[in-house]
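Letter by letter, the chains look like this.
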Number of protein chains: 2
Amino acid sequence: MMMDGSATAPGGTRTRIQERNRARILDAALVAFARFGYRGARVEQIAEAAGMSKSNLLYYFRSKTEMYKAVLAALLERWLAPLRTLDPEGDPRAELTAYIEQKLRFSAEEPEASRLFANEVMQGAPMIRDVLEGPLKELVDEKTGVLRRWAAEGRIRDVDPHQLIFLIWATTQHYADFAPQIAALTGREVADPAYRAEVLKTLTALIFDGLLPPA
Amino acid sequence: MMMDGSATAPGGTRTRIQERNRARILDAALVAFARFGYRGARVEQIAEAAGMSKSNLLYYFRSKTEMYKAVLAALLERWLAPLRTLDPEGDPRAELTAYIEQKLRFSAEEPEASRLFANEVMQGAPMIRDVLEGPLKELVDEKTGVLRRWAAEGRIRDVDPHQLIFLIWATTQHYADFAPQIAALTGREVADPAYRAEVLKTLTALIFDGLLPPA
DNA sequence: GCTCGATTTGACCATTTGGTCAGGTTTTCT
DNA sequence: AGAAAACCTGACCAAATGGTCAAATCGAGC
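Rules and cut-offs
- Residues numbered from 1 in each chain as written.
- Chains lettered and ligands numbered in written order.
- Predicted model: local features only at pLDDT ≥ 70, side-chain atom pairs only at ≥ 80, totals over all residues.
- Heavy atoms only, no water.
- Buried < 20%, exposed > 50% of the residue type's maximum accessible area, 1.4 Å probe, protein only.
- Helix = DSSP H or I, 4+ residues; strand = E, 2+ residues; numbered from the N terminus.
- Contact = heavy atoms within 4.5 Å.
- Salt bridge = Lys/Arg side-chain N within 4 Å of Asp/Glu carboxyl O.
- Least-squares fit on C-alpha atoms with pLDDT ≥ 70 in both.

**Student:** What's the story with helix α9 (residues 179-186) of chain B in this structure? I'm lost.
**Tutor:** In an α-helix, one full turn covers 3.6 residues, which means residues spaced three or four apart are oriented alike. Along α9(B), the positions that sit buried rather than exposed are Pro180(B), Gln181(B), Ile182(B), Ala184(B) and Leu185(B). On its buried face, α9(B) is in contact with α4 (64-84), α6 (111-122), α7 (129-152) and α8 (161-177) of chain A together with α8 (161-177) and α10 (193-209) of chain B. Once α9(B) finishes, Gly187(B) follows within two positions and takes phi at roughly 75 degrees, a positive value.

**Student:** It is not clear to me how the pattern of salt bridges should be interpreted in this structure. Could you clarify?
**Tutor:** Side chains that carry opposite charge are capable of pairing whenever their charged atoms lie near each other. Per the stated rule, a full pass over the model turns up 18 salt bridges over all chains. Of the charged contacts in the structure, one is a salt bridge between Arg188(A) and Asp192(A), with a shortest N-O distance of 3.9 Å. Judged by relative accessible area, Arg188(A) falls into the partly exposed class, the value being 27%. Exposure remark for Asp192(A): the relative accessible area of 30% places this residue in the partly exposed category. A salt bridge links Arg93(B) to Asp209(B), with the shortest nitrogen-to-oxygen separation between them at 3.6 Å. Here Arg93(B), found in helix α5 (residues 92-109), pairs with Asp209(B), found in helix α10; they are 116 residues apart in sequence, far enough to count as distant.

**Student:** Help me understand the side chain of Gln163(A), please; the structure alone is not making it clear to me.
**Tutor:** Structurally, Gln163(A) is set in helix α8. Residue classification places Gln163(A) among the buried residues on the basis of a relative accessible area of 1%. In this view, Gln163(A) contacts Tyr175(B), Tyr195(B), Glu198(B), Val199(B), Thr202(B) and Leu203(B); residues no more than four positions away in its chain are not counted.

**Student:** Where do I start with the relation of the copies chain A and chain B in this structure?
**Tutor:** The two chain copies are connected by a rotation around an axis plus a translation along it. Superposing chain A onto chain B takes a rotation of 180 degrees combined with a translation of 0.0 Å along the rotation axis, leaving an RMSD of 0.0 Å. Both chain copies can therefore be described as sitting about a two-fold axis. Relative to the rotation axis, the C-alpha of Gly210(A) is the closest in chain A, positioned 1.8 Å from it. Of all interface residues in chain A, 100% are interface residues in chain B too; the two copies therefore contact each other through one and the same surface.

Structural data, given as structure tokens:
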């Protein structure tokens, strides 16, 4: 099979070996980038974690940057998928609860992905700014529209929909990004499904019913 | 005056020049560490930002690690100071609003400090684990006690106090850590006091009154 | 079992990085 | 003024890092 010298087949075709090794690399790279950031991650270390030599890794990805971009691209879709499922026709409370639950599960099951995303944005989102300003903004604009409609129909209170979304993002992400702090303070782990269920319950209670006692 | 060879006087005494240069270094280091993490930050770059040679910087801080620890130590107190002000005798709504406002202001005025703290915790809090498990835990235990008492007295609903605190931390910190994303999606800046006021209002409305319309 | 491209390796390289050191300059104290 | 200590610099170093390359090895189709 003709290859262009790199393992990134432009034709789209990909060997079984390539499939396997690229996946291994992306997994290892995600962990490393999430932990140390782009600059702090070491190529050799990623190679070792992926079970291959540095040279071989660089056969699959021409450079550290290319690898980083690939990791981010693979991550982005998973990160914003949950928001897509927010159904304008559904019940606000049920829809938002389902959304929060998805985000919480993502934080628990892919904490590295969550952290890497945070890391990238914290650095000014140099690699994904166009995604934030393009596809993400469009999606968010659409969903804030839904929230506004719900408010207009009197089904939820009239709060700034952006901020409601940010609150959900912030809190759910917090359980991935600040896991060590949460563990130190509560002794609980987000990885524990029981804890996650408690969090979901408390979170939805707070968001929907508020903190003040019923009048 | 006797010095021990390093600029870190163990006796505690410190020259005017030392005062000034250490401050410059810590400022520059905070920005660098916040942006690139410990590993990613470059000593030479910090020195340049602080307006001195790398050699001179290393005259004030023996190593990158020592510098990092100093930055963290200076940061920690400011980070958790607001929680101390939560007054058990006060009105829950007023107290929590004041607390949220302080955290929000911190995010806006010292976004680098906020990001560095996030970065450190995301990496497993290798340098400040003892602080999290010691002083921070004690403080949080005390304040969760206050929240529990308020709940017992029927002044607020009975929600897990830890999670209430996490929600406040997460949302307020979000405005510093994810500033680029917020700017991309809303066009607003947390640095803008007007926006901050809006955020505070929406946030407290959500937390206290909830999202559901009054029955 | 041969062939040719895909895969893998190890030696190698230029650059960067954290850190040292000997010596020079400035400040401070008497 | 002058000595001692504080402050600063530039040259230098060893280790680490991202990346290259020629050559060896593997594997699927004939």
